[in-house]
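This is what each chain is made of:
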Amino acid sequence: MDLVRALKQAFPGVRVSDRASDRAAYAGDAWTKRLIELPHSSPGLPLAVIWPRKMEEVARAVGFAREHGVTLVPFGAGSGVCGGIVPDPRSVILDTKELSSISIDKQAPLVKVGAGTLGITLEDRLEEQGYTLGHFPSSISCSTVGGWIAARGAGQCSGRYGKIEDMVAGLECVLGSGEVVELSWRQRGPNLTGLFIGSEGRLGIITGARLRLHRAPQERTFSAYTFNDVASGSNALRRIFQNGLRPAVARLYDPLDSFLLRHGGGGGTVDWQKLGAVLRSAVRIPRALNAASEMFSRSAWGRCTLLLIFEGSGDEAAADSESAHALCLSEAGRPLGEAPARAWFQHRYAISYRQALLLRSGVFSDTLEVAAPWSKIERLYRDVRRALAENALVFAHLSHAYPDGSCIYFTFCGAGRNPADASAVHQRAWRQALGAALEAGGTISHHHGIGRSKATALVEELGEGAVLTRRLMQVCDPDQIMNPGTLLPPGLSPELPRGAPAPEHPTSIPLDEPVIDSTSQLATIAGRSPLSKAEAWLQDRGFTLRLGAEAPLSASVASWIAGGVAGAPDRWSDPVDQRVAGLDGRLSSGHRVIIRPVPRRAVGPDLMALFVGAGGRIGSVESATLRVYRLREPEARPHPFHFPRNQPLGAEEASTWERIATTLSKA
């Protein structure tokens, strides 16, 4: 029997299509490489598209795929930019948008929502009830909840509410094995939500989520400042977050991006069609353009712009804005009033759609978001910008800031002599920029995920952790039918290499005493160190872990982490902060996993979940990079969330964890 006919017979009453128009519409996402090549190539089309309406139908689709040897590619709204969707003739696209239920629990508060729910639909429904999720990506009208979670996304208000991983209280997933699993976030005990957030469809299909909510803000304040350079602006931004302030929006634009912001790049008045026509010739000489940009940056007009938006209830926003104002002035910032921030806010969703006009003009435009601790942020900006400047015109802004570091969002425009050359220039820019980010001590992805565009670089960042991720895929998807080709490059062996050198990394150095990065407020501490000794050492130097009464001070740092960092500040109270920024872990098999310390990452399943709260089942922590606080550092305003921190493991969740732990701990 023909596969499409078998699929239709297996799903009576469910929409299934093999029409050419549907197959073409689902042939990929918004990956720039694909868009460059699309007019001159024939993309692979999937076998068919199916629109399941409930979780049970998703589970049946997985069973069908396993039985008939086809692959399943989950599809939200297609706004991904990293090549996470590249089907072939034996792929069935599973569109999740019929999974769109919304149920609000006002007690916690939280929302139970279907994975296919469009972001704007969810936020509108929440606003009607006086709540917000706080997740506002520029793609909010063309992205889904499941897509946010699968890619480990961030929204424009991450400075107050955190990234999507800071909002997930639980997940409903259909594994590649066909099993349905309910996952709950917990502090102490296995936390499998961290493995599925960022998994990009490789472990299974996310069908629903429980997400924490906040009361909708009653007021907002808007302000803007200009600074002499990126260094002084980033110092102001760092001090704002390290003094307990949490602006919903905090964006620092470099000189060229500031120029575009002032002339409509962030406000909506630039004619991108005309700009594309100009750039079509100009970007073929990127070095000359960037040299001119560098001269402009050093001129009297080449200043940086910081936008701040605070929100909250009562007079919170106004009070926090005043505190931030004083900090900006202390870093020689000059106030620009409210207008720039208000103009940005008014047009904050428009910019995602305009870049397509450049592609029509024969010029490619793409974005790259990387992140690093504050102590490395200037080098990250300089080195990645320099790498991109070899191939394209480049400008950048710092966004998604945290107490320990920030994301830098680069935009670059380039062209080639012909489509093939343009594609080569584009790929060379990516390769060199990702290499520069890793060399600078950053992560290759803060919130766009990996897809296919960063798969090779992912292996470079994770080292043996990439092989661990490959093994994790085998546990959850034994037949390898779930979105193959994304996250990891084809052919990566699931076997851990023996005797391979560990990548150079601060946490890989044996430590007799902690090493403090005072700029980023991070301390790297040996796992064998008693927690009490580490805290005393830190306090002698003006820092603290802010441990509560529940902290097991007599335990080692390694066992404290394995137990779920009891007594550390509550992650739900301040979702922007993090407790463990990186670690050097040793598996029970003797192999090593290095997770470099960065403020946030989107590099596949969060391997930190295999160590933090995991009870040492898979491995132990040899050293960890922890967030530390100045002794008199102001605390951030708390966000109440009445949700159990340590729910018991469900039967299916426990079974899944047992298989993962058994497999990953083997040599």
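J.: Describe helix H22 (residues 651–664), listing the residues and the values that go with them.
T.: When the terminal C-alpha atoms of H22 are compared, their 20 Å separation across 14 residues agrees well with the 20 Å that a helix rising 1.5 Å per residue should span. Along H22, the residues classified as buried are Glu653, Thr656, Trp657, Ile660, Ala661 and Leu664. Down the axis of H22, the buried side of the element spans an arc of 130°, and every buried residue falls inside it. Close packing links the buried residues of H22 with strand E8 (168–175), strand E9 (180–184), helix H8 (193–196), helix H19 (464–476) and strand E22 (580–587).

J.: A description of the packing of aromatic side chains should follow, citing residues and the corresponding values.
T.: In this structure the tally under the stated criterion is ten aromatic pairs. Where Tyr381 meets Phe410, the ring centres are 6.3 Å apart and the plane angle is 15°; that geometry is what we call stacked. With Tyr381 in helix H16 (residues 377–389) and Phe410 in strand E18 (residues 405–414), this pair connects stretches of sequence that are 29 residues apart. Connected via pairs of aromatic rings, a cluster forms that spans Trp185, Trp572, Phe641 and Phe643. Across from the ring centre of Trp51, 3.7 Å away, lies the NZ or CZ of Arg15, which sits over that ring.

J.: I'd like a description of helix H13 (residues 316–330), backed by residues and values.
T.: Between its terminal C-alpha atoms H13 stretches 22 Å, which fits the 21 Å expected from 15 residues at 1.5 Å a residue. Listed in full, the buried residues belonging to H13 are Ala317, Asp320, Ser321, Ala324, Leu327 and Cys328. The buried residues of H13 occupy an angular sector of 120° when projected down its axis, which confines them to one face. Buried-residue contacts for H13 involve strand E12 (219–227), helix H9 (230–242) and strand E14 (304–312). Trailing H13 by a residue or two, Ala332 shows a phi angle of about 65°, which is positive.

J.: Tell me about the state of the cysteines, residues and numbers included.
T.: As used here, a disulfide is simply a covalent bond connecting the sulfur atoms of two cysteines. The tally for this structure, following the rule as stated, stands at zero disulfides. Between Cys173, a free cysteine, and Cys476, which holds the nearest cysteine sulfur, the sulfur-to-sulfur gap is 9.1 Å. On the basis of relative accessibility, which here comes to 1%, the residue Cys173 falls in the buried class. Classification of Cys476 as buried rests on a relative accessible area of 0%.

J.: Could you give an account of the sheet that holds E22, naming the residues involved and the relevant values?
T.: Strand order in the open sheet made by the five strands is E19-E20-E24-E22-E23, with antiparallel pairing throughout. With partners counted over all chains shown, the strands left at the sheet margins are strand E19 (515–517) and strand E23 (592–595), one partner each. For this sheet the average axis-to-axis angle between neighbouring strands, irrespective of direction, equals 15°. Summarising the sheet, E19 and strand E20 (residues 522–526) pair through three bridges and their orientation is antiparallel.

J.: Give me the packing of helix H1 (residues 3–10) against helix H4 (residues 55–68): which residues, what numbers.
T.: At a closest axis distance of 11 Å, the pairing of H1 and H4 adopts a crossing angle of 150°. Between H1 and H4, the crossing angle belongs to the class labelled roughly antiparallel. Considering the relative orientation of H1 and H4, their crossing is right-handed. Residues Leu3, Ala6, Leu7 and Ala10 of H1 form the contact with H4, whose own contacting residues are Arg60, Phe64 and His68. Its residues assigned to classes, the contact of H1 with H4 shows five nonpolar, one polar and one charged.

J.: Any details on the confidence of the model for the protein? Residues and values, ideally.
T.: On average, residues of the protein carry a pLDDT of 91, and 89% of them reach 70 or more. Segment residues 266–270: pLDDT under 50, and 16 contacts once partners within four positions in sequence are set aside and those in other chains are kept. In the model, residues 498–507 has pLDDT below 50 throughout and makes 18 contacts with residues more than four positions away in sequence or in other chains.

J.: So what's going on with the sheet that holds E9? Which residues, and what values?
T.: The strand order E5-E6-E10-E8-E9 describes an open sheet built from five strands, whose pairing is antiparallel. Either end of the sheet is taken by a strand with one partner, and the two such strands are strand E5 (102–105) and E9. Within the sheet, the average angular offset between the axes of one strand and its neighbour, ignoring direction, is 15°. This element, H4, spans E8, E9 and strand E10 (204–212) of the sheet and lies at about 40° to E8. Sheet strands touched by H22: E8 and E9. Its angle to E9, the strand with the most contacts, is close to 90°.

J.: Give a description of the packing of H9 against H13 that names residues and reports values.
T.: Where H9 meets H13, the closest approach of the two axes is 9 Å, and the angle between their N-to-C directions is 145°. At the point where H9 passes H13, the crossing takes the right-handed sense. Between H9, through Ala236, Arg239 and Ile240, and H13, the contact on the second element is made entirely by Ala324, Leu327, Cys328 and Ser330. Along the lines of polarity and charge, the residues of the contact of H9 with H13 split into five nonpolar, one polar and one charged.

J.: Any details on the pattern of salt bridges? Residues and values, ideally.
T.: On inspection of all chains with the given rule, the structure shows 28 salt bridges. The salt bridge partner of Asp584 is Arg592, with a shortest N-O separation of 2.8 Å.

Reading the values: the criteria
- Residues numbered from 1 in each chain as written.
- Predicted model: local features only at pLDDT ≥ 70, side-chain atom pairs only at ≥ 80, totals over all residues.
- Heavy atoms only, no water.
- Helix = DSSP H or I, 4+ residues; strand = E, 2+ residues; numbered from the N terminus.
- Expected span 1.5 Å × (residues − 1).
- Buried < 20%, exposed > 50% of the residue type's maximum accessible area, 1.4 Å probe, protein only.
- Arc of directions from axis to C-beta.
- Contact = heavy atoms within 4.5 Å.
- Phe/Tyr/Trp six-rings, centres within 6.5 Å; stacked < 30°, edge-to-face > 60°.
- Lys NZ or Arg CZ within 6 Å of the ring centre and 35° of its normal.
- Disulfide = S-S within 2.5 Å.
- Pairing = 2+ DSSP bridges.
- Axes fitted to C-alpha atoms, helices over the stretch in contact; angles between N-to-C directions.
- Parallel < 35°, antiparallel > 145°, perpendicular 65-115°, else oblique.
- Left-handed = near helix turned anticlockwise from the far one by under 90°.
- Nonpolar A, V, L, I, M, F, W, Y, C, P; charged D, E, K, R; others polar.
- pLDDT = per-residue confidence, 0-100.
- Salt bridge = Lys/Arg side-chain N within 4 Å of Asp/Glu carboxyl O.

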